[in-house]
Each structure stands twice: as C-alpha cells, then as structure tokens.
Protein chains: 2
Amino acid sequence: VIISGSDDVNATSPAPAIDGTALTRRLEQLGQIGRTAERGLTRLALTEADRDGRDLLTAWMSELDLDVEIDAIGNIYGTWHSGGGKPVMIGSHIDTVVNAGIYDGAYGVLAGLEVVAALRRAGVQPRIPLTVAAFTNEEGVRFTPDMMGSLVVAGTLSLEEAYAALDADGVSVGRALNEIGYRGRSHPTEHAPQLYLELHIEQGPVLHDEGIRIGVVEGVRGISWQRLVIHGEANHAGTTPMHRRVDAGHAAARIQVFLRDLASSNGTLHATVGSIALEPNAINVIPGEASITVDLRDTEDRLLTEAERQLATYCRQLEEEIGVAITSRRLARFAPVVFARDAVDQVEAAAKSRGLPVRRMTSGAGHDAQMMAAVAPTAMIFVPSVDGVSHSPCEHTVPEDIVNGANVLLDVTLGAVTSLPPAPNA
Amino acid sequence: VIISGSDDVNATSPAPAIDGTALTRRLEQLGQIGRTAERGLTRLALTEADRDGRDLLTAWMSELDLDVEIDAIGNIYGTWHSGGGKPVMIGSHIDTVVNAGIYDGAYGVLAGLEVVAALRRAGVQPRIPLTVAAFTNEEGVRFTPDMMGSLVVAGTLSLEEAYAALDADGVSVGRALNEIGYRGRSHPTEHAPQLYLELHIEQGPVLHDEGIRIGVVEGVRGISWQRLVIHGEANHAGTTPMHRRVDAGHAAARIQVFLRDLASSNGTLHATVGSIALEPNAINVIPGEASITVDLRDTEDRLLTEAERQLATYCRQLEEEIGVAITSRRLARFAPVVFARDAVDQVEAAAKSRGLPVRRMTSGAGHDAQMMAAVAPTAMIFVPSVDGVSHSPCEHTVPEDIVNGANVLLDVTLGAVTSLPPAPNA
C-alpha cells in the first residue's frame, strides 16, 4: 500500500483495505430497489424507487458517522468532517436507466462508503474533509440534460434551468424533488471539492478484451451529434432508370459507409449512425427523403472538428454526384475533457503499486467526472465490464475487479486526505 | 393510316382518326370525380367516388351504343357486338391511388371509347366484336392484390379469394361491390378476348428524356420483393471500439451500396431499397437489428434470379466480415411477362406508319395487360409522361402525345377487327 505523506497515519494500524464482502453486499442490497420482473433494475431519477435508494444510501452514511447534506438540486453528500477547507470528494450517481444492471453509478458511490469504512478501521485521521457524493439524474432518462446534478455543481447549468426540466408527463424537476423530499437548501456550487475521484465500470470491452484490471482514465471523449436530412426525389421503383434516380436512401447509405471507413482508419475516432428514417419508406418507392443521426466522438477537439469537416466535405461530394441536397443540424457538441495530470498519475501509481495491470484510456461514455473537472482536479478509475456489456441486466464485473478498483480508489483517497493542505472553501 | 385486310371498310369513308378534343374533355371530366383539395384526385377502388366514375363511364358507353355488362368482380365491359366470337378488347382501369393524376388508367379506357367513336365515324364495320373494358382495383391501394379484376379474368385469382379481400376497415370486396351496385353476374373468366390492347402513360422518364413519342412495350419486368433482417449487436456508441462492433445498420448500408452498384453496372436490372427500420434506432446506440426491403426488377427471369443470387452471396460475405446474421423472407415474386410478338410488331408498325419516333421497351410498372397476357395475345402502347412523374397530381402528358397514342391504338384495333377471323367464345 502506498501512503504518501502519511504523517497522520498511526504506523501500528493495519494497512487500509477494502472489505469486498461488505461492498458486494451493499451493491446487491441497493440493486434490489427498483427491481423489475426481467431480472433488471429501473430506478429513474427522482422517482419513488430513487427516493428509496436515497433513503438507504443516507442511512448507510449516517451509520458511518458521515454528516449527510442535500443540496438544492438533490445531490447527496456524506461528509467526514476532519481538518478544514474543501473536501476530497468521491462521487458518482445512484439513478439508473430502464432495465439496468446493479453496478453503473452505484459502484462508485458505494465504494466511497467502503473507502470511509476502511480508513476508519485503519485509524486514519484525514487532514481535510472527505465527502462521498451521489449526484442527481446522471442518466438523463427521465429528465434532460443528463449529468444534471454535477452540471449544476459546476455552474454550467443554472438551478432555475434544472428545476424547469420536464419529464414526459409534464412533471418538473423542482416538483419531483419536493415530492420525494430531496430538495435541500445549500447551493450546489458551494460543494466544489479540492479533488474529485470517480470509480466506474468501463461500460465497454477494452479492459475485458485485453485482460487489464485497471483503466487509468485520462479524460472523456468529446461528442458531436448532428442530424443530417437528405432531400432527394421520391419516384417509382419500377419505372425510374438507375441513372435517373435521386435516391435519398442511397445517399444515407453512402454516408454510413464513409463514416465507418473514416473511423476504422483512424486511431481514436468513433462514428455511429444509430437512427434512420426514410420517406415515404415504402418497398416500391425510391426514398425521397432520409434523416440520419451522426454520433462522432474523439479524444481531442481538433480531431473531432476534423472529422466533422471531412463529413461535411463528403456530403458536398454526394450532392454533386447524386443530386441530393443535404442539410445538417447540430444536436449536441461537448468538447473533450482532459483530466488533471497529477490526479491521473496518482491513479496509475496506486494501481501499479498493487501490482495490477493498467492501461491509460479515454472514456467514451459521459460521467459526472467530466462536469466536476471544470471546478476541481479530477480523475477516474475504470474496472472491466464482462464482455463490455452495460445498461443491461447482464452488466457484470467480477468480484475481484470490484475490490481491485475500490482499493485503488482507497489508496488515492488516502494519499490525498493525508497529504493535501487544507484549501479555503468556495 | 394502315388498314390491313380492310375488305369491310368502305373506301369512300374518311380515314379513321381520334378526336383529340373529345378525348381530352373526357379525361378532364372523369378527372373531376374524386377531386381533392390539393389539386389531386383520389378515386380508390369500390368507393363512392369509384361508383360515380363507373356511372359516368357506363353512361358514355351507352351513348356510343355499346352494350354494357358488369361481371362478378365488377369489371365493366362496353361491347360493340359485330360479327361473332371473342372480342378484341381495349382495356385498363379507372380506379386511382391517393392523390393521383388524371391520366393513369383512365387514359387507356377513355381512348378506347374514342377508338369506337372514330371507327363509327369512319363507317367501319368490324368482323368481330370490340370491347372497351375497365378492370376493378388495378391500383391495389384499398384492397390487395392489385390488378385484381384482370387477375380474376385470367383465372389466376379465384372469385372467392377476391371477394374475401378486406380493406383497413374490415370491409370485404364482396360487400363493397354490393354497396356500390357493381357486382354483376357473368363470370370474369368468360370475358377472355381474342386480342388485348392497353394504352398507358409510361409512368417513367425514358420516352420523355429521349424525345420519343411512342413506347412499343415488349413485356413487363419481373419483380422480386424480399425483406432482409440483419441481426447484429446493440451496443454503446461511445464505449465500443470500431473493430468490436457488429453493426446491423452498417451491414444494411453496405447492402444498399452493393445493390446500387450491381444495378448501375447492369443493363436492365432495377434495384431499390425503399424501406428501412433500425432497432433500437437511437442516436447513441449501435443498431442491433436492421430490417430492409429489397425490390429487384428485370426483363428476364434468369437475370432476376441471377441478381437474387448475387445479393445472397454478398449477404454471406457480410456475415463473415461483420459478424451479423442475415435472414431473408420473400414477399412477392412475379416472373417477367413477354407480350405476343405479332401484337407488339403491329404496334410498332402502326406508330411508324404515322411517322412517330418509337422505341421498344419493357414496363417497370404493373398493368392489367400482364395478367391478360396469360389468356390472350397482348400488347401495350406507352406515351411519354412529362419528366417521368406519375401517381401524383403533377402527372402530365401533353395533348399531342395523348392523341398520338390513341391514334396508334385506333390503327392497331382497326387492323384487328377488320382482319382477324372470328374465334369461338371461351
């Protein structure tokens, strides 16, 4: 175990270590709340199931002698007040998608509780506060935008905008917070930490495929979402010669193949066409219009911008060649996030000290960490997802990896709370 | 004017010729029945609008001293009884698609009336009967299958099957025929003619593009319809590496591009992917399933079969390359129809005698003629559609072409009714 700056640690205490059995038990117990018939789990943000999950989490925090505080957007903070200044924060979320697994989000929060328990068992006395946080509505299934709670902490989304978001039944976030009794008083922006750490399953297959135990996350890929609408000419499939066609569906297919080739010949670009609609969408009519979505992700903003440029150039070529007209509308654009080098290095060092095979990687999924990175040095730790499955009842991480990830989180936290000087509160 | 075997024609009569003004007037008058707000025309089979159209048509037949008969599937026959045996039949249909133009179908039937009028004016006395026919439900919009009336005449579809067909509201053809008062007694198969002629707008751009006035139709392209379902793996668009994807949408796009290339490098094949559905069809999820329709058409059965085989081979290649599984279900298969060589030659000779530029071609759209070809020598005459538009309020054929086509029909009919020996009735 690496304990850097461990001058407050009693050398005769046992080395801090995660209790894997306790962590697994918590994951399974929280995973029973919102359970559905299909072996899955649905605990959408600010529903009764979410409230029940929050009640269990806050009870656990109190059992660990953490001071529980709820902020105005419903984020939950359990703080070990020790020393002074801004806390080190371990965070993630406990809301889920529809028919989810038990790890995503919950793992990072509950591992935080076990870090606290392990530090207490080892007799560690932090120099600065340590907070375990659960952010509201990370998944964004019921309310848009996703990562809402951390967005408000980061000041990127105002509290008023967040309150006004409506679900499909017209219920606002403000009203839903009141209904489940989780609308607190403190302003979210007051909770910016001195260091933010998030442990998460990878939700992709890279670590699993390569037999690597710990992913050292250097940042989050930027996202470019656009909708392309291709205007062609609907016409009779039997009577229109091939050379005479202005087939919007054909143009859509060409763009799909182009993007696939572009991403496959490029180290970091990910490109997906997930949604298509043809008009009139009839077996014997040449499509007169096609609408497709394009999801581009890359690690650097200049690479993302270059991919967007190449797509636009190809669309102009298709307009010339096929005679279609292609319009593009931006749906979302998030620049890549690069985590603090020191914090990332500490994760790598901690994993190597435990003899765990590591690789540096970039997250392709969004996490609260990418929002928190705007207000604090941030790092993430990934553990393997079996076969890369996530957002599914089949999501699984083996117990050994669950414990490995939490021990790395423990070591980095221990180093931080015992070495970082107290920082003034925001 | 070519009048072959004209021993029954009084040499002092004026040469038979179509009255273009009368024909245009009839087209416009029938085109008012079923008119909609958007300049279009909707006269679906066996609706009240269709009944009104039928009432007008039968009134016109009576004015021309034709004997009107309705058969058991509602086909309308107006016959000039002269001589004996099976008639020469000029036919098409007066039902329309939704928001149609005024020419499709109606042109062939109303030109038949003007042929009768022209022959009467010229004092021609046919050696055999001449019938103008309008077949029930050629378009197949309200009831399936299309070309229903001629299918029953050809004996390919039984009267009982036709009666049982239901529209979207559960109304059967049998009931709809009763409701509009057009369920006659004679069996459709008794109406097989000695020669069948159909005049139609091209519904495609070939004649228009090439500046040709008359299309000599040698047959109807065969049709192969299938639905391909591509099974891949739905996965996260951000976390799944490109090489790890089993993207059903990508496979669908590759098939589209393959079919386009196949048809473009082939003289006669037409290939269309008109309909696509992705699952789950979300912007940030790699498609786990794609369903596409494939419409292949060709002039010869061996060519159609070869295209089907090449598509199947390509699907097997994609299964290997991408890891998807592709299943295929046949939705429809009609072998190409080849019209009687003599009848086709007569159309070409008649058009050339009038000094009209002609080209031989194959119809890519379905017509009653392809069903009638099973029971009688058959030929079709095409005239240009401006810009290839059809099944649209913008469908248009210029008056000169309307008259040219009807005159070619007149000349071929005159040749037949004055030269063919009486044939025994069925």
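Residues numbered from 1 in each chain as written. Chains lettered and ligands numbered in written order. Predicted model: local features only at pLDDT ≥ 70, side-chain atom pairs only at ≥ 80, totals over all residues. Heavy atoms only, no water.

## Some remarks on the overall build of chain A
Put simply, the test is: Here a strand is any run of E in DSSP of at least two residues, a helix any run of H or I of at least four, and the numbering for each starts at the N terminus. Note on classification: 1.4 Å probe, protein chains only; a residue is buried when its accessible area is under 20% of the maximum for its type, exposed when over 50%, partly exposed between these limits. Note on definitions: a residue-residue contact is assigned when non-hydrogen atoms from the two residues lie within 4.5 Å. The Shrake-Rupley method, run with a 1.4 Å probe, gives the accessible areas here. Residue values count only the displayed protein chains as cover. By the counting rule applied here, Lys and Arg register as positive and Asp and Glu as negative, while His and the ends of each chain are not counted. Charged side chains are reduced to one point each, which is NZ for Lys, CZ for Arg, CG for Asp and CD for Glu.
Looking only at helices and strands, chain A has 12 helices and 16 strands in total. Projecting the C-alpha coordinates of chain A onto the three principal axes gives extents of approximately 85 × 45 × 40 Å. Per-residue burial for chain A yields a buried fraction of 61% across its 426 residues. Considering only intrachain contacts with a sequence separation of at least 6, the fraction spanning at least 24 residues in chain A is 80%. For chain A, the accessible area works out to roughly 15,600 Å², and carbon and sulfur atoms hold 49% of it. For chain A, the centre of its 34 positive side-chain charges and the centre of its 54 negative side-chain charges are spaced 2 Å apart.

## Digging into the relation of the copies chain B and chain A
Defined as follows: Least-squares superposition aligns the copies on the C-alpha atoms of those residues with pLDDT at or above 70 in both.
Mapping chain B onto chain A calls for a screw motion: a turn of 180 degrees about the axis and a shift of 0.1 Å along it, with 0.1 Å RMSD after fitting. Both chain copies can therefore be described as sitting about a two-fold axis. Among all residues of chain B, the one whose C-alpha sits closest to the rotation axis is Ala253(B), at a distance of 2.2 Å. By residue overlap, the copies meet face to face through one surface: 100% of the interface positions of chain B are interface positions in chain A.

## So, the layout of surface pockets
The gaps of empty space that remain are located by a probe, the size of a water molecule, rolled over the atoms. Quick note on the threshold: In this analysis the probe radius is 1.4 Å and the grid spacing 1 Å, with only protein atoms considered; a cavity is a set of points the probe fits into but cannot get out of, a pocket is an open set with protein on both sides within 12 Å along at least five of seven lines, and lining residues have an atom within 4 Å of a point. Grid points are joined across faces, edges and corners, and a volume is the space filled by probe spheres set on the points. Amino acids outside the nonpolar list (Ala, Val, Leu, Ile, Met, Phe, Trp, Tyr, Cys, Pro) and the charged list (Asp, Glu, Lys, Arg) are all regarded as polar, and Gly is one of them.
Put simply, the largest pocket is a space of about 1,100 Å³. His236(A), Asn284(A), Val285(A), Glu139(B) and His391(B) are, among the 39 residues lining the largest pocket, the residues nearest its centre. Within the residue set of the lining of the largest pocket, elements represented by two or more residues are strand S8 (235-236) of chain A together with strand S7 (222-231) and strand S13 (325-334) of chain B. Examining the composition of the lining of the largest pocket, we find that 3 residues originate from one element, S13(B), more than from any other. Across the lining of the largest pocket, the residue classes tally to 14 nonpolar, 17 polar and 8 charged. Here the second largest pocket defines a volume of roughly 830 Å³. Surrounding the second largest pocket, 33 residues form its lining, Glu139(A), Asp146(A), His391(A), His236(B) and Asn284(B) being those nearest its centre. Within the residue set of the lining of the second largest pocket, elements represented by two or more residues are strand S7 (222-231) and strand S13 (325-334) of chain A together with strand S8 (235-236) of chain B. The element that contributes the greatest number of residues to the lining of the second largest pocket is S13(A), accounting for 3 residues. For the lining of the second largest pocket, a count of residues per class yields 16 nonpolar, 12 polar and 5 charged.

## Quick look at the confidence of the model for chain A
Segments scoring low in pLDDT should not have their predicted coordinates read at a detailed level. Quick reminder of the rule: The predictor reports its confidence for every residue as pLDDT, a score running from 0 up to 100.
Chain-level pLDDT for chain A is 94 on average; 96% of the residues reach the 70-or-more range. For the stretch residues 1-11 of chain A, pLDDT sits under 50, and the model shows 21 contacts to residues farther than four places along the chain or on other chains.

## Topic: the interface of chain B and chain A
Counted only if it meets this: Accessible area, probed at 1.4 Å, shrinks when two parts are joined; the buried area is that loss added up over both. When a carboxyl oxygen of Asp or Glu is within 4 Å of a side-chain nitrogen of Lys or Arg, the pair counts as a salt bridge. Here a polar contact means two N or O atoms within 3.5 Å. Within protein one must be a hydrogen donor candidate and the other an acceptor candidate, and residues neighboring in sequence count only if both atoms are side-chain atoms.
Residue-level contacts link 53 residues of chain B with 53 residues of chain A. Approximately 4,400 Å² of surface area, both sides summed, lies buried where chain B meets chain A, with 56% of it carried by carbon and sulfur atoms. By the criterion of area lost to chain A, the three top residues of chain B are Met242(B), Arg260(B) and Ile283(B), representing 18% of everything that side buries. Scanning the region where chain B abuts chain A turns up 4 salt bridges. Between Arg244(A) and Asp209(B) there is a salt bridge, with the nearest N and O atoms lying 2.7 Å from each other. Linking chain B to chain A there are 19 residue pairs in polar contact (both at pLDDT 80 or more). Every element with two or more residues in the side of chain B that touches chain A is listed here: helix H7 (206-210), S8, helix H8 (248-264), strand S9 (270-272), strand S10 (276-279), strand S11 (285-286) and strand S12 (289-298) of chain B.

## Side note on unusual backbone geometry
Residue and element names in this part refer to chain A. A cis amide bond, omega 0 degrees, links Thr-144 with the succeeding residue Pro-145. Of note, Pro-145 is situated in the loop between strand S4 (130-134) and helix H4 (148-153). Positive phi outside glycine occurs at Asp-65, with the angle close to 60 degrees. The exposure class of Asp-65 is exposed, given its relative accessible area of 60%.

## Here's the deal with helix H9 (residues 301-322) of chain B
All names here are of chain B. Here is the rule: A helix is expected to reach a length of 1.5 Å times the quantity of its residues less one. It is the directions from the helix axis to the C-beta atoms whose arc is reported.
The end-to-end C-alpha distance of H9 is 31 Å, a good match for the 32 Å that 22 residues give at a rise of 1.5 Å each. Within the span of H9, buried status applies to Leu-304, Ala-307, Glu-308, Leu-311, Tyr-314, Cys-315, Leu-318 and Ile-322. One face of H9 carries all of its buried residues, which in axial projection span an arc of 125 degrees. Opposite its buried face, H9 presents the exposed residues Arg-302 and Glu-320, each directed more than 90 degrees away. Elements in contact with the buried residues of H9: S7, H8, S12 and S13. In the segment just after H9, Gly-323 is the residue with positive phi, at about 90 degrees.

## Some remarks on a negative patch on the surface
Basically, it comes down to this: For patches, a residue must show more than 30% relative accessible area and have no salt bridge; joins then use 9 Å for like charges and 5 Å for nonpolar side chains, namely Val, Leu, Ile, Met, Phe, Trp and Tyr.
On the surface, a cluster of negative charge is contributed by Asp65(A), Asp67(A), Glu69(A) and Glu190(A). Within the secondary structure layout, Asp65(A) lies in the loop between helix H2 (48-63) and strand S1 (67-70).

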